[in-house]
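This is what each chain is made of:
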Amino acid sequence: MAPMTRPLLNRRLAEFGTTIFAEMSALAARTGSINLGQGFPDTDGPEEVREAAVRALRDGRGNQYPPGPGVPELRTAVADHQRQRYGLEYDPDTEVLVTAGATEAIAAALLALVEPGDEVIALEPYYDSYAACVAMAGGTRVPVTLRPHEGAYVLDLDELRAAVTDRTRLILLNTPHNPTGTVLTRAELTAVAELAVERDLLVVTDEVYEHLVFDGAEHVPIATLPGMRDRTVTIGSSGKTFSFTGWKVGWATGTHELVAAVRTAKQYLTYVSAGPFQYAVAEALRLPDAYFDSFRADHQRKRDLLGDGLRAVGFEVYQPQGTYFITADITPFGEKDGYAFCRALPERCGVVAIPNSVFYDDPGTGRSQVRFAFCKKDDVLVEAVGRLRRLVS
Ligand code: PMP
Ligand code: GLN
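A brief structural summary. Note that the coordinates shown come from a computational prediction; the quantities given were computed from them, not determined experimentally. (Residues numbered from 1 in each chain as written. Chains lettered and ligands numbered in written order. Predicted model: local features only at pLDDT ≥ 70, side-chain atom pairs only at ≥ 80, totals over all residues. Heavy atoms only, no water.)

**Brief notes about the packing of helix 2 (residues 47-58) against helix 10 (residues 275-284)**
The description of two helices packed together rests on the angle between their axes and the distance between the axes. Two numbers describe how helix 2 lies on helix 10: the axes approach to 8 Å, and their chain directions differ by 145 degrees. As helix 2 packs across helix 10, the resulting crossing turns out to be right-handed. Within the contact between the two elements, helix 2 uses V49, A52, A53, R55, A56 and L57 and helix 10 uses P276, F277, Y279, A280, E283 and A284. Classifying every residue of the contact of helix 2 with helix 10 by side-chain character gives ten nonpolar, no polar and two charged. (Axes fitted to C-alpha atoms, helices over the stretch in contact; angles between N-to-C directions. Helix = DSSP H or I, 4+ residues; strand = E, 2+ residues; numbered from the N terminus. Left-handed = near helix turned anticlockwise from the far one by under 90°. Contact = heavy atoms within 4.5 Å. Nonpolar A, V, L, I, M, F, W, Y, C, P; charged D, E, K, R; others polar.)

**Digging into the side chain of T241**
Looking at the element boundaries, T241 is found in helix 8 (residues 238-241). Residue classification places T241 among the buried residues on the basis of a relative accessible area of 3%. In contact with T241, other than residues within four places in its own chain, are V208, H211, Y291, F292 and F295. (Buried < 20%, exposed > 50% of the residue type's maximum accessible area, 1.4 Å probe, protein only.)

**What to know about the site of ligand 2**
Around ligand 2, a shell composed of F21, Q38, G39, Y127, N178, Y209, K240, F325 and R371 is seen. Compared with its free state, where it exposes 300 Å², ligand 2 has 79% of that area covered by protein. Residues belonging to the shell around ligand 2 are distributed by class as follows: four nonpolar, three polar and two charged. (Near = heavy atom within 4 Å. Areas by Shrake-Rupley, 256 points an atom, 1.4 Å probe, with all protein chains shown as cover.)

**Details of the site of ligand 1**
For ligand 1, the set of nearby residues contains 14 residues, the closest of which are T103, D206, Y209, S237 and K240. Here N178 contributes a side-chain N or O atom positioned 2.8 Å from an oxygen atom of ligand 1. Here ligand 1 has 390 Å² of accessible area as a free molecule, and 94% of this is covered by the chains. Of the residues forming the shell around ligand 1, the biggest block, four residues, is contributed by helix 4 (residues 101-113). Residue composition of the shell around ligand 1, grouped by class: six nonpolar, five polar and three charged. (Polar contact = N/O pair within 3.5 Å; in protein donor to acceptor, adjacent residues only side chain to side chain.)

Honestly, it's all geometry; don't read function into it.
Next comes the structure, spelled out in structure tokens:
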């Protein structure tokens, strides 16, 4: 065989390796560490939802290709959820699209809406798939960096405004925000909305943590703000809200035109997925408010359990108002390099975390910060904090 002179990975993907989540979960498995890295709960979601999936499988619902846009029961449940919670009206037949997790919705939205050369503004630190999907779409990512201020991460609206150019096509928002736990306020989102209208931008908004907001904070879907319904694709997922991250049932909502565009890309990615699980998620979305309330309260308690523990050990903790992640600074331990710290942590303490530097274009920016997931059993969090005390003993 002739030697291959070209790199195998094309130029668009050349900068991307294995995701940090796979790397760190493999490290956790290899070392038997407590995995506070990749964000997945260690307890499955409600039993009745699991049973609904079993019933669908047994009854032969969804075992063959479901309809391309998703099963009608789920599309209707998503539309009802958006109306009842936020007053957003979407036609389940034309304005809701079921996807293989939020991941596919993000990919399909960017592949459908971004022209090669378009600029996409994303809040940095950003969830890792954003950069890869912008690259696959041939776009250019333009990060706007959330910065620590009084113990939390905040968006600088002037910086956002300054980042918009004539080539900007869309703003890729994420609230509640992974990894910082920032929940954008109504005032901040109103400013983003005004900018989008003024500069004629689309907004793709990743709201997978919509039900994980704490301390009485409000989750505001930007699509509810004036002028935004027509220019916003809103993305949700059952993975985080119902603690079934392996099912990969997500969705996108938006106007008929936007959803049709996203569907055009989506149908050539997976076409369809997760047939029986779609029926189960339709039932999950109709769980009583008590489920969502206790889900939120449980996670607020877990946040405090881990946050207080990390502070007691000596970390500087940025208080998250949402998601199930805590960003903490390792400088108090005389450490500077979060990547090296996370690589060594299993050996030192038997705990795995994620270095935030991977969520930045310039890894120098988040170099001394690491992310811990608190979507774990209380005793696991207590044990993890106990092990982390070895950092100072
Ligand atoms: N967006 C964000 C911000 C996430 O943290 C995740 C991980 N759950 C996803 C999207 C992907 O969601 P899904 O598992 O539904 O593909
Ligand atoms: N969203 C999860 C996190 O941020 C990871 C999902 C994945 O592994 N791609 O930890």
